[in-house]
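# Structure assessment
Given next are the chains, with one letter for each unit.
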Amino acid sequence: MGVYAISGASSGIGAKAKELLLERGNQVINIDLKDGDICVNLATEEGRKEAVDALHKMCPDGLDGIICNAGVSGACGNLPLIISLNYFGTIALAKGAYDLLEKKHGSCVVTASNTISQGAGRMDIADLLNNIGDETRVLHLVNQMDASNLSVGNSLYVSTKYALARWVRRVSAAWAANGVRINAIAPGNVNTAMTATMSTSAKMALNALPIPTKYGQETLMDADEIAEVMIFLVSDKAKGVNGNVMFVDGGTDALLNSEKVY
């Protein structure tokens, strides 16, 4: 079977994706801050390099796929972490694993968010991430913001996820020309440890967004609903899918943006 790597597979959606891949006979390498096969801090340059070096040592013949899933919410209270982990950590890991994916014509899936279409992000930050790519410069700007303001954290979260989705679209053609597919997944609100520890106000904001497939139920989506789509996109069954941002949110985006078909 295949050899896959997942960042952030110690809990939540990543853990469910790991579980399902293992059940289907695959080898899975978990890259996480704690309890991983590769324990690193992807929010730092040192941690990113260590992760990529370890992957090359563990997978000299290449990777069938990588799911770049590690990230923190906008309610974490640490604005630099949102930028460094969600965007720069993800990009560094995907780029660092590219040659391993190329060896086996593998696939990459990047976790974005369905919030990218809801207008809460700061496009100036997203543009800096995509077009300048200077982590120090972005962090200097972010450090001047109010970390105690939940709306600030959420706007930065959305900005990083928007920038990730745009980056995936931009590189998808070049990557595919060399045999490597890359797609983004945009999950809705999911029952995970991350959402369970959110503040009351943050949970209220989550519950304010309806999930059509959960209509009449006081619940969020289950992790397996997202993980199954991740596994599909990273598999050969999705060999015709490239450069796509797939919303897996129970229909929330369609409800809020019913007239937008592209």
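Going by the structure above, here's the rest.
Before going into details, it helps to say that this report is about the structure given with it. Keep in mind it's a predicted model, so treat the numbers as computed, not measured.

## Digging into the pattern of salt bridges
Evaluation of the coordinates by the stated rule reveals eight salt bridges. Put simply, E135 and R48 hold a salt bridge, and the shortest N to O gap is 2.9 Å. Note that E135 is positioned in helix α5 (residues 135-142) and R48 in helix α2 (residues 45-58), a separation of 87 residues in sequence. Look at R48 and you get buried, because its relative accessible area is 8%. Between D127 and R166 there is a salt bridge, and its shortest N-O distance comes to 2.7 Å. A residue pair is termed long-range when its members are at least 10 positions apart, and D127 in helix α4 (residues 123-132) and R166 in helix α6 (residues 150-177) qualify at 39 residues. Under the relative-accessibility criterion, D127 is labelled partly exposed at 31%.

## Section: the pairing of strand β2 (residues 27-32)
Where burial is concerned, most of β2 is hidden: five out of the six residues are buried. Bridge count between strand β1 (residues 3-7) and β2: five bridges; the pairing is parallel. Bridging from a neighbouring strand, I6 pairs with N30 of β2. You can see the chain leave β1, run along helix α1 (residues 12-23) and come back into β2, and the turn it takes is right-handed. Direction of pairing for β2 relative to strand β3 (residues 38-39): parallel, over a ladder of two bridges. Of the residues in β3, the one forming a bridge with D32 is C39.

## A look at α2
Since the α-helix advances by 3.6 residues per turn, residues separated by three or four positions end up pointing in the same direction. Between the first and last C-alpha of α2 there are 20 Å, a value that for 14 residues agrees with the 20 Å anticipated at 1.5 Å per step. Those residues of α2 not exposed but buried are G47, R48, A51, V52, A54 and L55. Down the axis of α2, the sector holding all buried residues measures 160°, keeping them to one side. In α2, the exposed positions that point more than 90 degrees away from the buried face belong to E45, E46, K49 and K57. Looking at the packing, one finds that the buried side of α2 touches β1, β2, β3, β4 (65-68), α3 (79-104) and α5.

Definitions and cut-offs
- Residues numbered from 1 in each chain as written.
- Predicted model: local features only at pLDDT ≥ 70, side-chain atom pairs only at ≥ 80, totals over all residues.
- Heavy atoms only, no water.
- Salt bridge = Lys/Arg side-chain N within 4 Å of Asp/Glu carboxyl O.
- Helix = DSSP H or I, 4+ residues; strand = E, 2+ residues; numbered from the N terminus.
- Buried < 20%, exposed > 50% of the residue type's maximum accessible area, 1.4 Å probe, protein only.
- Pairing = 2+ DSSP bridges.
- Right-handed = clockwise from strand over helix to strand, strands pointing away.
- Expected span 1.5 Å × (residues − 1).
- Arc of directions from axis to C-beta.
- Contact = heavy atoms within 4.5 Å.

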